[in-house]
Amino acid sequence: MRPHPPCPVCESPHMLWVRDLDDGEKRPLVDLYFCVACRSASSPWAEPVPSHSALGWHLSVTERNTRYALDLFRDLGLARPVVLDIGCGNGTLLDAARSLGGGGVGFDIDDKSCAHGRARGLDLRADMWRLETPLPAVNLITCIMVLEHMHQPRALLGELITAARRQACPLFVSVPFLTPQWWRYLNEPVGADFHPFAQPRVHVTHFSSEGFEIAARHFGATQVTPLLHRVGWPGYLLTADP
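**A short note on the layout of surface pockets**
Move 1: Taken as a whole, the second largest pocket holds about 210 Å³ of empty space.
Move 2: In terms of lining, the second largest pocket is formed by Phe177, Leu178, Thr179, Pro180, Gln181, Trp182, Ser208, Ser209, Glu210, Leu228, His229 and Pro234.
Move 3: A breakdown of the residues in the lining of the second largest pocket according to their chemical character gives six nonpolar, five polar and one charged.

Here it is as structure tokens:
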């Protein structure tokens, strides 16, 4: 068992080794740690998954994600959403915004998915988003199901909060939160049914709600509003005062 880095969510040094995880691949097992300070979990030594396209997955959930996006816009009172979407996939959320007379721009490193969306007239950029990238004015920033794939997600979260401050708009961040109802999976074996640790090289950071709020406030979010049960994607709406 190797020494562990601080918690990737709250930066506490108080991490406990929980178990080895086996994803069925012929590779070393993955160490799972639990932070006793914020109750998040992580796999700091998981090998990164080779870059690949998830276009098939995005297409398979188009109808569901369109509904989720429209519910989110309605919940936020955005009649004409103009969105900066980080981790946009093939642009389903931006297409939903366009259907309401809005639009926006999306960033994703999945070139094939971005190309699919661009063929439908969406502004999707197959590149890493950077805080200094010139952008049009937007009234919402979204980052949905992205941070859990990152070993060190705090840097991106901090830049997103800074971007929301500069744009004077809210930021919606969604991840699959590690709730107390899921704690039993820390010990239960991985089987054929749902298990949050079934893909330990894909989902490497498991945010608790407490940990997410700590991180968001550290980077200057002044309002941290949970939308955990009001829209299809569990997440938080963040705002940062100028």
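**Overview of the nonpolar core**
Move 1: Within the largest apolar cluster, 39 residues are counted, with the highest numbers of intra-cluster contacts made by Trp129, Ile141, Phe212 and Leu238.
Move 2: Breaking this core down by element, the ones donating at least two residues are strand E2 (30-35), strand E4 (82-86), strand E5 (103-107), strand E7 (140-144), helix H5 (154-167), strand E8 (171-174), helix H6 (209-218) and strand E11 (235-239).
Move 3: Among the elements that take part in this core, H5 stands out by supplying six residues, more than any other.
Move 4: Beyond its immediate stretch of four places on either side in the chain, Ile141 contacts Leu84, Leu160, Ala163, Ala164, Cys169, Pro170, Leu171 and Phe172.
Move 5: In this structure, Cys88, Ala96, Ile144 and Val231 belong to the second largest nonpolar core, which totals 21 residues.

**What to know about the packing of H5 against H6**
Move 1: Viewed as axis vectors pointing N to C, H5 and H6 meet at an angle of 55°, and their least axial separation amounts to 9 Å. Considering their axes alone, H5 and H6 lie oblique with respect to each other. Here H5 and H6 pass one another in a crossing that is right-handed. Residues Arg154, Leu157 and Ile161 of H5 form the contact with H6, whose participating residues are Phe212, Ala215, Ala216 and His218.

**Looking at helix H2 (residues 62-76)**
Move 1: Between its first and last C-alpha atoms H2 spans 21 Å; for 15 residues at 1.5 Å apiece the expected length is 21 Å, and the two agree.
Move 2: Residues of H2 that are buried: Asn65, Tyr68, Ala69, Leu72 and Phe73. Down the axis of H2, the buried set is contained in an arc of 135°. They therefore lie on one face. Residues of H2 that are exposed and point over 90 degrees away from its buried face: Glu63 and Arg74.
Move 3: Buried residues along H2 sit in contact with E4, helix H3 (92-99), E7 and E8.
Move 4: Where H2 ends, the next residue or the one after it, Gly77, has phi of about 70°, a positive value.

**Regarding unusual backbone geometry**
Move 1: In this structure, Arg39 is a non-glycine residue whose phi angle is positive, near 65°.
Move 2: Relative to the assigned elements, Arg39 resides in the loop between E2 and strand E3 (41-42).
Move 3: Within the chain, Ala168 stands out as a residue other than glycine whose phi angle is a positive 55°.
Move 4: Taking the relative accessible area as the measure of exposure, Ala168 reaches 66% and is therefore exposed.

Conventions we followed
Residues numbered from 1 in each chain as written. Predicted model: local features only at pLDDT ≥ 70, side-chain atom pairs only at ≥ 80, totals over all residues. Heavy atoms only, no water. 1 Å grid on protein atoms, 1.4 Å probe; cavity = no way out; pocket = protein on both sides within 12 Å on 5 of 7 lines; lining within 4 Å. Points joined across faces, edges and corners; volume = space filled by probe spheres on them. Nonpolar A, V, L, I, M, F, W, Y, C, P; charged D, E, K, R; others polar. Core = buried A, V, L, I, M, F, W, Y, C linked by side-chain atoms within 4.5 Å. Buried < 20%, exposed > 50% of the residue type's maximum accessible area, 1.4 Å probe, protein only. Helix = DSSP H or I, 4+ residues; strand = E, 2+ residues; numbered from the N terminus. Contact = heavy atoms within 4.5 Å. Axes fitted to C-alpha atoms, helices over the stretch in contact; angles between N-to-C directions. Parallel < 35°, antiparallel > 145°, perpendicular 65-115°, else oblique. Left-handed = near helix turned anticlockwise from the far one by under 90°. Expected span 1.5 Å × (residues − 1). Arc of directions from axis to C-beta.

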